[in-house]
Amino acid sequence: MGQYVAPIRDMQFVLHEFLNVTDEFKQLPKYQEIDADIINQVLEEGAKFTQEVLFPLNHSGDREGCHFDPATKTVTTPKGFKEAYKQYVEGGWAALACEPEYGGQGLPVSLNNSFYEMLNSSNQAWSMYPGLSHGAYECLMEHGTEEQKRLYLPKLATGEWTGTMCLTEAHCGTDLGMLRSKAEPQADGSYLISGSKIFISAGEHDMSENIVHLVLARLPDAPEGSKGISLFLVPKFLPTADGALGERNGIFCGAIEEKMGIHGNSTCQMNLDGARGTLIGQPHKGLQAMFVFMNAARLGVGMQSLGLTEVAYQNALAYAKDRIQMRSLSGPKAPDKPADPIIVHPDVRRMLLTAKAYAEGARAFTSYVALQIDRELNHPDEAVRKEAADEVALLTPIIKAFITDNGWIATSEAMQVYGGHGYIAEWGMEQYVRDARINMIYEGTNTVQSLDLLGRKILMDNGAKLRKFGEKIKGFVEENGLDESLSEFVTPLGELGEKVSKLTMEIGMKAFQNPDEVGAAAVPYLRVVGHLVYSYFFAQMAKIALAKQDSGDRFYEAKLATARFYFARLYPETAMLIRQARSGASNLLALDVELF
Ligand SMILES: Cc1cc2nc3c(=O)[nH]c(=O)nc-3n(C[C@H](O)[C@H](O)[C@H](O)COP(=O)(O)OP(=O)(O)OC[C@H]3O[C@@H](n4cnc5c(N)ncnc54)[C@H](O)[C@@H]3O)c2cc1C
């Protein structure tokens, strides 16, 4: 079913030429030994695993889906998923970016990130099982007690056990302050947790022997709202003191959802009936602890849409070269055939280039942020760590929302390249569109991400984080502004930077008068800032490509053409978005609810 070849050259371009990661790693004591050979070897082995093991299960997993047995309350994943997971664990893939202390390989997040792209291109539904485990691992690393770390981290690091995040309840998804699950303290320091969670990804399955649920619930004395939520570790099987599987815990799957996409991933209703758990972090500070998981997951969701954008592009490209239909407007390009391949038509190229540009922009963006995470976690200088952390905080909602919105656009355009065949399941393209749609919804809807960006990350700190990032952009513009060969990239970048500053101030002023102005502007605002980020990265990549365009390697020609397409065809929507963001709240709020 279709094809997937991991874009190793593109990944190497981003890691080695755009980000110079090995130089960066020299600054991070933990990663000083990591050279280009190690990186390339991981990429090549990762490509083999994802292309040969996971990709062949993508379409069949979608057709078959997961099966729930109400009698045993167990879930069976599609044929081949379990065996592929065994290979993944045995190959040490789960442990790539985990700490050696817990059995991990201690490789950088920025390298793991490229592997995540491959996982998601080859099979998003499957990749969610280990993806969630990694979030649980990170949350326990930061907030777990020594005992929790000792018992759970080695199993999560190797992938022997998987993880979940249990936040959502039927009456609350965005507004977690309303959640009702309860935790009763016990004399031995543990808690008995009761409640019902819905939509829990990978909540029950047959791929690992144990599942580590991270559950939000309320203590008896909890204040109302989001300040009264605590986080608990609730395993499916309670481990014995030496880490072996013990008693079955009172957390069971009640049903799985039928849904639009990611059929191979079980979306579970989880019932907790006096399930035994232990507290993670401080009482009532559960949301703060869970944010570690949620932030990791938000980056992960961006990676899901990057993966889908890439694989949809690759398949649409192959189809566009093969499918013949009509003649080119400027005369036959394949006179030996009854018609020209559709790739000759300008609008087919627009669709392909849209997906290509969104894949390349997202790859640069996510790799950049992953490198900032490596710096945040490992740089010896505290000031550098703080600066990196601020950037990661600022850019995370943009990764989640901008990349997933673009993933929806890109997979839809790639499907359109197939004409009617794109709509037919056999070709596999409609699956990418269906799978991509959830990425805009879960982990906080894209609207919620835009409110987080504009409200919390920008206006609440008086624009300090954005200004810091803007200074980097300004520095690049000043450094390259006089270079005529770069002006087609640098000029629009500089202009957009100024427009974003003005727009931010304008919305900030209006928000003083009326807080609804933030909600009215947030979605187009995030998209404008997303384009500012992409303009910055495309301009830098174009600079590298220009310097190497005479090298004889046509790869750089393609890079330049994609950057030119980006500035000519995708960037211009910022003009419309700025008008929308400036149009204010009144056009949205004037209509009386009765009149809708
Ligand atoms: C397939 C799937 C897998 C999932 N996996 C998990 C999982 O593993 N763990 C987990 O805990 N949850 C999971 N979820 C739940 C998911 O995170 C929530 O569905 C999501 O956060 C939205 O919550 P909701 O569905 O309750 O929508 P609601 O919160 O009811 O939102 C409805 C609409 O109102 C909008 N809205 C809400 N508040 C505002 C506001 N202040 N301003 C503007 N608009 C607003 C939202 O953007 C949305 O468009 C999953 C969901 C699905 C479908």
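Since we're looking at a predicted model, the values are computed, not measured.

## Brief notes about a nonpolar patch on the surface
Phase 1 of the analysis: Where nonpolar side chains cluster on the molecular surface, the patch consists of Leu-591, Val-593, Leu-595 and Phe-596 and spans about 490 Å² of accessible area.
Phase 2 of the analysis: Mapped onto the elements, Phe-596 comes out in the segment after helix H19 (586–589).
Phase 3 of the analysis: Classification of Phe-596 as exposed rests on a relative accessible area of 72%.

## Looking at the site of the ligand
Phase 1 of the analysis: Residues in contact with the ligand amount to 18 residues; listed here are only the nearest, Thr-168, Thr-174, Phe-199, Ser-201 and Thr-445.
Phase 2 of the analysis: Met-165 has a polar backbone atom sitting 2.8 Å from a nitrogen atom of the ligand.
Phase 3 of the analysis: Here a nitrogen atom of the ligand sits 2.7 Å away from a polar atom, N or O, in the side chain of Ser-201.
Phase 4 of the analysis: Its free accessible area being 980 Å², the ligand has 63% of it covered by the protein chains.
Phase 5 of the analysis: Looking at the shell around the ligand, the elements that each hand over two or more residues are strand S5 (191–201) and helix H13 (446–458).
Phase 6 of the analysis: Of the residues forming the shell around the ligand, the biggest block, three residues, is contributed by S5.

## Looking at unusual backbone geometry
Phase 1 of the analysis: Of note, Lys-73 is a non-glycine position whose phi angle comes to about 60°, a positive value.
Phase 2 of the analysis: Structurally, Lys-73 can be placed in the loop between strand S1 (67–69) and strand S2 (74–76).
Phase 3 of the analysis: At His-284, a residue that is not glycine, the phi angle is positive and equals roughly 65°.
Phase 4 of the analysis: For His-284, the location among the structural elements is in the loop between strand S11 (267–280) and helix H9 (286–322).

## Describing the nonpolar core
In a soluble, globular protein the nonpolar side chains are often hidden away together inside.
Phase 1 of the analysis: In terms of nonpolar packing, the biggest core is built from 181 residues, with Trp-126, Phe-365, Tyr-525 and Tyr-534 touching the most fellow members.
Phase 2 of the analysis: Ranked by residues supplied to this core, first place goes to helix H16 (residues 516–548) with 19 residues.
Phase 3 of the analysis: Excluding residues within four positions of it along the chain, Tyr-534 makes contact with Tyr-358, Gly-361, Ala-362, Phe-365, Phe-402, Ile-403, Asn-406 and Tyr-566.

## As for the side chain of Gln-449
Phase 1 of the analysis: With respect to the helices, strands and loops of the structure, Gln-449 is situated in helix H13.
Phase 2 of the analysis: In this structure, Gln-449 is in contact with Arg-298, Pro-397, Lys-400, Ala-401, Glu-443, Gly-444 and Leu-526, ignoring residues within four places of it in sequence.

## Quick look at the packing of aromatic side chains
Phase 1 of the analysis: According to the stated counting rule, one finds 31 aromatic pairs in the structure shown.
Phase 2 of the analysis: The positively charged end of Lys-559 is found above the aromatic ring belonging to Phe-13, 5.2 Å away from the centroid.

The rules behind the values
- Residues numbered from 1 in each chain as written.
- Predicted model: local features only at pLDDT ≥ 70, side-chain atom pairs only at ≥ 80, totals over all residues.
- Heavy atoms only, no water.
- Patch = residues over 30% accessible without salt bridge, like charges linked within 9 Å, V, L, I, M, F, W, Y side chains within 5 Å.
- Areas by Shrake-Rupley, 256 points an atom, 1.4 Å probe, with all protein chains shown as cover.
- Salt bridge = Lys/Arg side-chain N within 4 Å of Asp/Glu carboxyl O.
- Helix = DSSP H or I, 4+ residues; strand = E, 2+ residues; numbered from the N terminus.
- Buried < 20%, exposed > 50% of the residue type's maximum accessible area, 1.4 Å probe, protein only.
- Near = heavy atom within 4 Å.
- Polar contact = N/O pair within 3.5 Å; in protein donor to acceptor, adjacent residues only side chain to side chain.
- Core = buried A, V, L, I, M, F, W, Y, C linked by side-chain atoms within 4.5 Å.
- Contact = heavy atoms within 4.5 Å.
- Phe/Tyr/Trp six-rings, centres within 6.5 Å; stacked < 30°, edge-to-face > 60°.
- Lys NZ or Arg CZ within 6 Å of the ring centre and 35° of its normal.

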